Amino acid sequence: MAAICVGIENDISIEKIAEGIKEFELTQKRMEIKKGINNSIIINDCYNANDESMTAAIEYLGTLKVKRKIVVLGDMLELGAFEKELHEKVGKEIYKNQIDIIMCQGEASKYITNKVKELGMKEVYQFETKEELIEKLKHIIQKDDYILIKASHGMHFEDITEAIENKE
């Protein structure tokens, strides 16, 4: 509606407005919903990451009334002196939102897994490589799992999304 109003205010024809809306595409890799293997649902949010966007995505997943919730996280890059503190904050959010499984890859993401273990979370995985993470993830995904994949773009977690996507 806002786009239509702005178009009309700027003397753009309804036809041109409709054409523009029809061709509009959201930025990919930002809370993008995809079908995964074993009838799972992937929430692909690996375009970028900071502590606020990580928290928001985890909180969203936490609100869903689904059988099992898996979070796959990588490093939040370029945090400087706040790296440890902000990754630990994400770990607290995972625990608070009752996520079932956490899988991480990256040096800084170790602060996340250490924090959730300290808080008592049981199913926690830390991987040295994305390939190891992908292999384990493929083996644990069950029917109707919801999987949030999030990391800074430099971590290239779109590779994980592609590896578990249902390509049918």
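Because the structure is a prediction, the values reported are computed rather than measured.

S.K.: Just checking my understanding: could you explain the nonpolar core for this structure?
M.R.: The nonpolar side chains of soluble globular proteins are, as a tendency, buried together. Counting 22 residues, the largest nonpolar core has Leu73, Val90, Ile94 and Ile102 as the members making the most contacts within it. Those elements that place two or more of their residues in this core are helix H3 (51-63), strand E3 (69-74), helix H4 (83-96), strand E4 (101-105) and helix H5 (110-119). Ranked by residues supplied to this core, first place goes to H3 with four residues. What Ile94 contacts, discounting residues up to four positions off in sequence, is Ile58, Leu73, Ile99, Ile102, Ile112, Val116 and Met121. Grouped together as the second largest cluster of nonpolar side chains are 19 residues, Phe127, Leu133, Ile141 and Ile160 included.

S.K.: Explanation requested: unusual backbone geometry in the structure shown.
M.R.: Excluding glycine, a negative phi dihedral is what most residues carry, and trans is how most peptide bonds are arranged. The backbone of Asp144 shows a phi angle near 70°, a positive value even though the residue is not glycine. Mapping Asp144 onto the fold places it in the loop between helix H6 (130-140) and strand E6 (146-150).

S.K.: Mind showing me how you'd approach the environment of Thr55 here?
M.R.: Position of Thr55 among the secondary structure elements: in helix H3. Separated by 34 residues in the primary sequence, Thr55 and Lys89 have C-alpha atoms spaced 8.5 Å apart. When sequence neighbours within four positions are dropped, the list of residues in contact with Thr55 reads Lys89 and Glu93.

Reading the values: rules and limits
- Residue positions within a chain follow its written sequence, with the count starting from 1.
- At least 70 in pLDDT is required for a residue's local features to be given in this predicted model, at least 80 for side-chain atom pairs to be given and counted, and no such filter applies to totals for whole chains, interfaces and linings, which use all residues.
- Here the side-chain values reflect all heavy atoms present in the structure, with hydrogen atoms and water set aside.
- Residues grouped as a nonpolar core are buried Ala, Val, Leu, Ile, Met, Phe, Trp, Tyr and Cys residues, joined through side-chain atoms within 4.5 Å.
- Burial status follows relative accessibility: with a 1.4 Å probe on protein chains alone, a residue under 20% of its type maximum counts as buried, one over 50% as exposed, and anything between as partly exposed.
- In this text, helices come from DSSP runs of H or I with a minimum length of four residues, and strands from runs of E with a minimum of two, each type numbered from the N-terminal end.
- Only heavy atoms matter for contacts: two residues are in contact if any of them lie within 4.5 Å across the pair.

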